[in-house]
Amino acid sequence: MAEAHSAVAFSFAITHEGVHVNYDTEVLHVIWHSGVRTWRRSIRRFVNNIRCGVFPASLSSLALTVTGYNAMYLSRDLYGSNFDVSLGLVDLLKKHVKLEEPAKGIVCCTASAFAVWCGVFIFMRYTLRLLFMYKGWMYEERGRGRTMSKSSRLWVLALKSLTWFSRPMLYSYQGALPRLPLPALKDTMERYLRSVRPLMDDENYSRMEKLALDFQTGIGKKLQRYLVLKSWWASNYVTDWWEEFVYLRGRSPIMVNSNFYGTDAILLHPTHVQAARAANVAHAAFIFRRLIDNQQLEPIMAQNLVPLCSYQYDRTFNTTRIPGIQTDKIVHFSDSTHIVVYHAGRFFKMPCYYKGQLLTPKELQIQFERILADESVPEKGEANLGALTAGERKPWAEARTKFFSKGINQISLAAIEKAAFVLVLEEDEYDYCENDPSQLDRFGRAMLHGKGYDRWYDKSFNVIIMKNGRIGFNAEHSWADAAVISHLWEFVITEDLITVGADAAVISHLWEFVITEDLITSERYDENGNCTGKVTCDPPAPVRLKWDLNQECLLAIDSSFRVAEALLNDVDLRLYMHTSYGKGFMKSCRLSPDAFTQMALQLAYYRDAGKFNLTYEASMTRLFRDGRTETVRPCTIESAAWVNAMEDKAATNEERVKLLKAACIQHQNAYRDAMCGKGIDRHLFCLYVISKYLEVDNPFLNEVLSEPWRLSTSQTPHGQTSKMDLVKNPRCISAGGGFGPVADDGYGVSYIIAGEDILFFHVSSKKSSPVTDSQRFARQIEKALMDMRYLFESLAKK
């Protein structure tokens, strides 16, 4: 009860001498500042929502329109002009307004001006939406010597004419983004059959053609009609079902199977002081949250013209996944002024604001040092508590209801779930060594799953700080896709490391750093590696979270940990850093770097498995409102022809290069189709969901949706913030991130095309599979990339 008593801000007692009131001034100050901060946030959000709602118009244009309208109308009476700027609307309104002049004229003129402004704004908004529906620019060839078509040039001119005078906020374009279009059933069937042709012999392909035709001419028509209705009604016909059925209804562990990870800028190491690195990273994360809250974060623009949907950013912070018996749910809290820190088996609630102000990095370092200096031991079961979030979802839901729905456990759990994010202070050191690749593998495993209990896998993301100052993150997947958390992570790394130079006056919260041969000194860190800056207050101390874990609860924790331990021990992870060449060489071959890399993976997989298999590559559909992802199928007729030519000793290098270029062009077109709403798999997925609602069993859909993705790939995006300039700062590159294997007998491959000369591949598989080996597959990727380089170099020598 000591905690409860200390939380009381004031008390009173009635005696024979009167009423005595005791109060804690400090607590009342905290309450006052908390209320002020809440009201400020509410008012700011209200104003920002209005500003975003009227985009591409602006509130200043409204004021200018009203003022100009009144001036022109009143000048008519003053100078006796016959011209009525309102075309009679003001005079019509005057008949219905019972006021005296000149108030009547001003009110009616203002109302008339507002109506005209609204009409212009609505016209501009819908014109902008129509322009965003045009996707011809996606298919334009780019590069030196290429010219844009006349229609695309006119489209660019129209788009710029509507937006050049308005500076967009994060959510400004949301109302102007078009809906995701629903492909025709016939088109999807044709694309699907073409995608599986290289995977099937003639007999199986003929069988699949018949199944597809029966579906297309039969039950598929009915399912498509229902989906057309949903596409008209919902802002996005895929997203809500994708989130629910692919993520939230899954009952298997999310650790390894769903959560993904990111790593540090491995070529830079600004400090070895754990508390200092944690302070600067946490501070940068809160700055990013402030930019989201204030909508000051610049929306990501494709080709600096077309915005990507920003709705996923809203749930980046203060968000958690709540387990359920049949389905989980995502809960987002409007605000949080604390984080939860896990260290040495204990959880701490750490305040990051004091009197309404974000603590400075120096003050946050004091907080982390207090936690590191705390020598208390974990309570029984506390160290492994996070295993509940790593195991099966149903047992965790049952345990949460039974053991964490009241008392001290509920309070402590609420502190974790309402935290801005979870930060883990590791007790181990991890680093990068060029001569010892296994160190990078260990680093990746620590980010992907840790020890199976030392992360809170339900939180939107966990920031992980190694004992030697290395950093990484583990992110839950249901609330958003990798591009959003990658944007946050890129911002955090940039805030911590990037040189600002002449722009320091504009972006004052970035700091310069000086690179020497063995040492990096940054204005964020002093010569001892501690945070720079001033300490303006004694920050409130972190509070150790308390737990009451009975024997039955301990058994539930142990059961989940055994599931998590078996899962993580089966992970075979290899991080391969390719330094022979990168994006620069690929572009010199006049090929898309992504297509080039995907072809290398196709060749590597064929050499590893001896056959072609269904390949998954994630692309985004954020050109449309509430868009998430679509699947690109890199294993095509063209890629298979090229791979076969590479393995055919009789084929010439000229033939191989020609086939490679054709395969890359086909892949680019498939990627563009997926981004433009012409994909295959999300359409078929939604048709399958409708069939289940209607209790219709279809052999075509059953077979399509049960096909295993034995090669699942994804490119880690970077360059999402203008602060990240790898030309000026080539060493400030993250090794990217990765995810676990999707199929029991397959590979998960995440890659990042890092700058001009470096590629990173994160290859995962299962040790229990007799047909996969991540080390072996990484060697096959290396060989494929070398062989592809040799193709072009051999032709250049002729």
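Right, let's walk through the structure included here. (Residues numbered from 1 in each chain as written. Predicted model: local features only at pLDDT ≥ 70, side-chain atom pairs only at ≥ 80, totals over all residues. Heavy atoms only, no water.)

### Remarks on the sheet that holds strand S3 (residues 260-262)
Taken together, 8 strands build an open sheet; the order of strands is S17-S9-S8-S12-S13-S14-S3-S22 and the sheet is mixed. Two strands bound the open sheet, and with one partner strand each, they are strand S17 (543-544) and strand S22 (737-739). Where strand S8 (residues 338-343) lies against strand S9 (residues 346-351), 6 bridges are found, and the strand directions are antiparallel. Note that in S9 the partner of Val341 across the bridge is Phe348. Packed on one face of the sheet, helix H12 (residues 361-373) meets S8, S9 and strand S12 (422-425) and runs near 160° to S9. (Pairing = 2+ DSSP bridges. Helix = DSSP H or I, 4+ residues; strand = E, 2+ residues; numbered from the N terminus. Contact = heavy atoms within 4.5 Å. Axes fitted to C-alpha atoms, helices over the stretch in contact; angles between N-to-C directions.)

### Quick notes on the sheet that holds strand S18 (residues 571-578)
Reading across from one edge, S18-S24-S23-S21-S19-S20 is the order of the 6 strands in this open sheet, with mixed pairing throughout. Lying at the two open borders of the sheet, with one neighbouring strand each, are S18 and strand S20 (629-632). Each neighbouring strand pair of the sheet contributes to a mean axis angle of 20°, computed without reference to strand direction. Its contacts with the sheet put helix H20 (residues 593-609) on strand S19 (615-620), strand S21 (711-715), strand S23 (747-754) and strand S24 (758-766), and the angle it makes with S23 is roughly 145°.

### A short note on the environment of Gln367
Among the secondary structure elements, Gln367 is positioned in helix H12. Here Gln367 falls in the buried class, since its relative accessible area comes to 0%. C-alpha of Gln367 to C-alpha of Pro542: the two residues are 175 residues apart in sequence and 6.6 Å apart in space. Not counting residues within four places of it along the chain, the set of residues in contact with Gln367 comprises Met350, Pro351, Leu359, Pro539, Pro540, Ala541 and Pro542. (Buried < 20%, exposed > 50% of the residue type's maximum accessible area, 1.4 Å probe, protein only.)

### Some words on the nonpolar core
For soluble globular proteins, the rule of thumb is that nonpolar side chains tend to be buried together. Among the nonpolar cores identified, the biggest contains 117 residues, and Ile339, Phe368, Phe421, Leu423 and Phe700 are the most heavily contacted of them. The element contributing the most residues to this core is helix H11 (residues 274-293), with 13 residues. If we ignore the near neighbours within four places in the chain, the residues touching Ile339 are Phe286, Phe348, Lys349, Met350, Cys352, Phe368, Ala419, Ala420, Phe421 and Leu423. Among the nonpolar cores identified, the runner-up in size contains 53 residues, and Leu385, Tyr430, Ala446 and Cys553 belong to it. (Core = buried A, V, L, I, M, F, W, Y, C linked by side-chain atoms within 4.5 Å.)

### A short note on the packing of aromatic side chains
Considering all chains together, one arrives at 38 aromatic pairs under this definition. Aromatic side chains Phe347 and Trp547 sit 6.0 Å apart centroid to centroid with 70° between the ring planes, which places their arrangement in the edge-to-face category. In this pair, Phe347 is assigned in strand S9 and Trp547 in the loop between S17 and helix H18 (551-569), connecting sequence segments 200 residues apart. For the pair formed by Phe347 and Trp547, the shared burial category is buried. Judged by centre distance (6.5 Å) and plane angle (90°), the ring pair of Phe585 and Phe596 falls under edge-to-face. Placement of Phe585 in helix H19 (residues 583-588) and of Phe596 in helix H20 is noted, with a sequence separation of 11 residues between them. The residues Phe585 and Phe596 share a single accessibility class, namely buried. (Phe/Tyr/Trp six-rings, centres within 6.5 Å; stacked < 30°, edge-to-face > 60°.)

### Re the pairing of S8
Of all the 6 residues making up S8, 6 are buried; the element is thus mostly covered by neighbouring parts of the structure. Between S8 and S9, which pair antiparallel in sequence order, lie 2 residues; one of them, Ala344, sits at a positive phi of approximately 50°.

### Considerations on the packing of helix H23 (residues 681-693) against helix H24 (residues 699-706)
Axis angle and axis distance: for two packed helices, these are the angle between their axes and the distance between the axes, and together they describe the pair. Contact pair H23 / H24: the axes reach a minimum separation of 10 Å and the direction vectors enclose 125°. One way to sum up the angle between H23 and H24 is to call them oblique. The chirality of how H23 crosses H24 is left-handed. Of the residues in H24, those in contact with Leu684, Phe685, Leu687, Tyr688, Ser691 and Lys692 of H23 are Phe700, Leu701, Asn702, Val704 and Leu705. Residue composition of the contact of H23 with H24, by class: 8 nonpolar, 2 polar and 1 charged. (Parallel < 35°, antiparallel > 145°, perpendicular 65-115°, else oblique. Left-handed = near helix turned anticlockwise from the far one by under 90°. Nonpolar A, V, L, I, M, F, W, Y, C, P; charged D, E, K, R; others polar.)

### Observations regarding the environment of His683
For His683, the location among the structural elements is in helix H23. Taking the C-alpha atoms as reference points, His683 and Leu185, separated by 498 residues in sequence, lie 8.6 Å from one another. Not counting chain neighbours up to four residues away, the residues in contact with His683 comprise Leu182, Pro183, Ala184, Leu185, Thr188, Gln224, Leu227 and Tyr237. In this structure the side chain of His683 is engaged in a polar contact, spanning 2.8 Å, whose partner is the side chain of Gln224. (Polar contact = N/O pair within 3.5 Å; in protein donor to acceptor, adjacent residues only side chain to side chain.)

### Section: the pairing of strand S14 (residues 471-475)
With 5 of 5 residues buried, S14 lies mostly within the body of the structure. Side chains Ile471, Phe473 and Ala475 of S14 all project onto a buried face; the interleaved residues Gly472 and Asn474 project onto the opposite face, where all are buried too. Sheet topology note: the S3/S14 ladder contains 3 bridges and is antiparallel. Within S14, the position partnered with Phe260 by the bridge is Ala475. Direction of pairing for strand S13 (residues 461-465) relative to S14: antiparallel, over a ladder of 5 bridges. Counted as the bridge partner of Ile465 is Ile471 from S14.

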